[in-house]
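# Per-entry structural report
Letter by letter, the chains look like this.
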Amino acid sequence: MAVLNILHYPDPRLNKVAQPVTEFTPALRQLVADMAETMYEAPGIGLAATQVDVHQQIIVIDTSEEKNDLKVFINPRILSSSADRKTYEEGCLSVPGIYDNVERPERVTVQAQDVEGKTFTLEADELLAVCLQHEIDHLQGKVFVQYLSRLKQSRIRHKMLKREQQKVA
Ligand code: K1U
Ligand code: ZN
C-alpha cells in the first residue's frame, strides 16, 4: 500500500472532470487501498480520486469514530436529494486549515458500484450525506470553496499560494 500525494487548491488539476470506471481490475483494488491509506493517514473522512490526480470516478469515505467502516463508491450518482437543506462547516484535504459553512441538501440517495462492479443504492444523512456530496463535487471538478463568496475565494487562493511559495523558499 502507499500514501499518495494530495493536490492543493488552486491546482487546476482539481477542476478536471473524472471519467467513469469501466474495468474492475486488481489495479483498481490497489488504487482504492492506496486512497484509503492516504485518507486515514491525512487524517480525513473522505477522499476523491481527483485529489490524488487520478481522474476516474472513485471515492472512499469513513465517517465512523473508530475508523473501521470504509465505504467505497465507484461511478457514484445522486438519484435524489431532499428539499430540506442543512449548513455544515466543511473542511478539505486539498485546502488544509480552511473551514467554512456550506449549505447542501440534508439527505441524498446515491447509486454507485463497489470495487467488484456490483451496483448498490444508499440513503445517506448527517455527516455521510455532507461528505458524499463534497466528494461527488470533487469528481465533477468542484472544490467546496467555490460555494463561498468571491472575496473569500480570493483570500483563500492567496493564502494557499503564499503557503506553497514558503514551502519552496
Ligand atoms: O474531500 C476531502 O478533502 C476530505 C474532507 C471531507 C469532508 C469533511 C468535512 C465536511 C465535508 C467533507 C475531510 O476529511 S477534511 C478533514 C476532516 O474533516 C476530519 C479530519 C479528521 C477527523 C475528523 C474530520
Ligand atoms: Zn475535499
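Our subject in this report is the structure included herewith. No experiment lies behind these values; they were computed from the predicted model shown. (Residues numbered from 1 in each chain as written. Chains lettered and ligands numbered in written order. Predicted model: local features only at pLDDT ≥ 70, side-chain atom pairs only at ≥ 80, totals over all residues. Heavy atoms only, no water.)

## Things to note about the sheet that holds strand S2 (residues 58-61)
Keep this limit in mind: Note: two strands are recorded as paired if DSSP finds a minimum of 2 bridges between them. Put simply, DSSP H or I for four residues or longer makes a helix, DSSP E for two residues or longer makes a strand, and each gets a number counted from the N terminus. Axes, fitted as lines to C-alpha atoms, cover a helix only where it is in contact. Angles between the N-to-C directions of the axes lie from 0 to 180 degrees.
Here five strands make up an open sheet; going across it, the order is S1-S2-S3-S6-S7 and the pairing antiparallel. The sheet is open, and its two borders are formed by strand S1 (46-48) and strand S7 (119-124), each paired with just one other strand. Here the strands of the sheet are splayed against their neighbours by 40 degrees on average, with no regard to which way each runs. Looking at chain direction, strand S6 (residues 108-113) and S7 are connected through six bridges and run antiparallel. If you follow Val108 over to S7, its bridge partner there is Ala124.

## Here's the deal with the site of ligand 1
Quick note on the threshold: Residue proximity to a molecule or strand is established when one non-hydrogen atom of the residue lies within 4 Å of it. We call two N or O atoms a polar contact when they sit within 3.5 Å, provided that within protein one can donate a hydrogen and the other can accept it, with sequence-adjacent residues counted only if both atoms are side-chain atoms. The method behind every accessible area is Shrake-Rupley, applied with a 1.4 Å probe, and residues are considered shielded solely by the protein chains displayed. In the scheme used here, Gly and all other residues not listed as nonpolar or charged are polar, with Ala, Val, Leu, Ile, Met, Phe, Trp, Tyr, Cys and Pro taken as nonpolar and Asp, Glu, Lys and Arg as charged.
Near ligand 1 you find 14 residues, and of these Ile45, Gly46, Gln51, Leu93 and Glu135 are the closest. Contact distances for ligand 1 include 2.6 Å between an oxygen atom and a side-chain N or O atom of Glu135. Computed on the free molecule, ligand 1 has an accessible area of 530 Å², of which 79% lies beneath the protein chains in the complex. Of all elements in the fold, only strand S4 (85-90) and helix H2 (126-139) reach the threshold of two or more residues within the shell around ligand 1. No other element matches H2, which puts four residues into the shell around ligand 1. For the shell around ligand 1, a count of residues per class yields six nonpolar, six polar and two charged.

Keep in mind that these numbers describe shape and distance, not what the molecule does.
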